[in-house]
Amino acid sequence: MKNTALTHIHESLGAKMLPFAGFNMPILYEGVNTEHETVRNAVGVFDVSHMGEFLLTGPNALALIQKVTSNDAATLTIGRAQYSCLPNADGGIVDDLLVYKMKEDQYLLVVNASNIDKDWEWISSHNDLGVDMKNLSDDYSLLAIQGPKAVEAMQSLTSVDLASIAYYHFEVSDFAGIENVIISATGYTGSGGFEIYCKNDEVEQIWNKVFEAGASFGIKPIGLAARDTLRLEMGFCLYGNDINDTTSPLEAGLGWITKFNKDFVNAANLKEQKEKGVSRKLVAFEMQERAVPRHDYEIVNAEGTVIGIVTSGTMSPSMNKGIGLGYVTTENSNIDRDIFIRIRKNDVPAKVVKLPFYKK
C-alpha cells in the first residue's frame, strides 16, 4: 500500500486511515458531519495526492487527447481546464478526468487513483502520433482547499489574485513560498476553492503554511468520507460507483461532455445511442421517509418490480435526509417520479429530483 507525502501528518493528527485505491488515506478526523459542515461554511483541506497526473507534450498532443476523450479539448486555451471522460470500445467509460492546457503543445491529464495504470495503458495504446507521455503520478502531490472562505484564507500565500481565477481556470504561480505551483479553481465539493498541484518534497511546507494562513478562518483537515458526502450533494459522479466500464456517458447524464463535432473512440456507437435513446438513465432521488439508501440497493416501482439499482447513497449532512444516485429504466427517470428503495426487504418511498441536491 502506498503512502502520500503527508501520511505521517495525517497519522499525527489522529486521522482514521484506511486503504483507498491502493493508498493509505485519511478517511476522517473529527467526524463526517463536522468535516462536511466545515467545507460548506468555512474552509477545509483534503490530501488527494493519490490522484494520477500524466503530462502529454508535442505537436500532436491535442490530436491524441481528441482521439481518446469525449469532450472537445480544442476549445481549451492556456490556463483553462476541462472535465471529460475516456470512452472505451464497448460504450462504457475507462475513466473520467480533468484536462489542463498548460502550454500550446502541452496538456496535463488528472485521472482517478484507482485507474492510473489502466488509463496509462489505454492512452498509450492509442498513441500512434509520437506524443511524449510522462506519468508524473508518483512525483506530485495534490491538495484540495475547499469552501466559501478559501479565497480569503489563502490570498496571503500568493501574488495571484485568487478571486480573479474563474471556475475551471488555473494559474501557475507562487504559493506558500514555492514557485511553479498549479493553482486551479476546480474541486469536487460544490463549495468553491482551489486545487493545488506541487511536487512531493514541497507539499509539507505548503500544508503547514495553508494551516497557518487559514487558522483564523476555522480551517480543518478533511477526510475522504466527507469528500464523498459533499460530492454526492452536488450529484458529481464517482468512478466505480456511478460510472464504470459498463456505463455509457449518455446513460450517466454526461452527454454535455460528449461532443460529436470530432471523431473519438467509439464515437459512432455513442452517436447512434444518442439518436435512438438510452434504455436506462442515472437519476438523483431523495428519500421521502427517514432512511439511508446504500450502494447496490434495488430500486423498485409501486408494484415491487425491480427497475434499477442504487449507485451512491448517504444521509445528507446539509439537508438531513437520505439522498442517492441510481440507474433506472428510462420510463421511470422523469423528475418527480415516485420510486421505492428496497432496504432490508422494505420498499421505502423516494422521489426522482433535479440536481444538485444541495442548493446554496
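Residues numbered from 1 in each chain as written. Predicted model: local features only at pLDDT ≥ 70, side-chain atom pairs only at ≥ 80, totals over all residues. Heavy atoms only, no water.

In the nomenclature of an unreviewed UniProt entry, the protein corresponds to Aminomethyltransferase from the organism Flavobacterium turcicum. In the Function (unreviewed entry) part of its UniProt record, the protein is described as follows: "The glycine cleavage system catalyzes the degradation of glycine." Per UniProt, the protein has the following entry under Sequence similarities (unreviewed entry): "Belongs to the GcvT family." (UniProt positions renumbered as here; feature names shortened; annotations may be inferred.)

**Q** An account of the sheet that holds strand 15 (residues 298–300) is needed here, citing residue identities and associated values.
**A** Ordered by their spatial adjacency, six strands build a closed barrel running 14-17-16-15-18-19, and the pairing between neighbours is antiparallel. Neighbouring strand axes in the sheet, compared pairwise and without regard to direction, differ in orientation by 45 degrees on average. The pairing of strand 15 with strand 16 (residues 306–316) spans three bridges and is antiparallel. Each bridged residue has a counterpart across the sheet, and for E298 the counterpart in strand 16 is I309. Where helix 7 (residues 224–234) meets the sheet, its contacts fall on strand 16 and strand 17 (321–329), and the angle it forms with strand 16 comes to roughly 125 degrees. (Pairing = 2+ DSSP bridges. Helix = DSSP H or I, 4+ residues; strand = E, 2+ residues; numbered from the N terminus. Axes fitted to C-alpha atoms, helices over the stretch in contact; angles between N-to-C directions. Contact = heavy atoms within 4.5 Å.)

**Q** Could you give an account of the packing of aromatic side chains, naming the residues involved and the relevant values?
**A** For the structure on display, the rule yields eight aromatic pairs. Measuring from centroid to centroid gives 6.0 Å for Y188 and F236, while their planes differ by 15 degrees, and the two rings are stacked. Remark: F236 occurs in the loop between helix 7 and helix 8 (267–276) and Y188 occurs in the loop between strand 11 (178–184) and strand 12 (193–199); sequence separation between them is 48 residues. Centre to centre, the rings of W207 and F211 are 4.7 Å apart; their planes meet at 40 degrees, and the pair counts as tilted. Taken together, the positions of W207 and F211, both in helix 6 (residues 203–214) and four residues apart, correspond to about one turn of that helix. Considered together, W207 and F211 belong to a single accessibility category, that of buried residues. In textbook terms, an aromatic cluster arises when at least three aromatic residues are bridged by ring pairs, as seen for Y100, F170 and Y197. The cationic tip of R40 hangs over the ring face of Y358; the distance from NZ or CZ to the ring centre is 4.2 Å. The positively charged end of R280 is found above the aromatic ring belonging to Y327, 4.5 Å away from the centroid. (Phe/Tyr/Trp six-rings, centres within 6.5 Å; stacked < 30°, edge-to-face > 60°. Buried < 20%, exposed > 50% of the residue type's maximum accessible area, 1.4 Å probe, protein only. Lys NZ or Arg CZ within 6 Å of the ring centre and 35° of its normal.)

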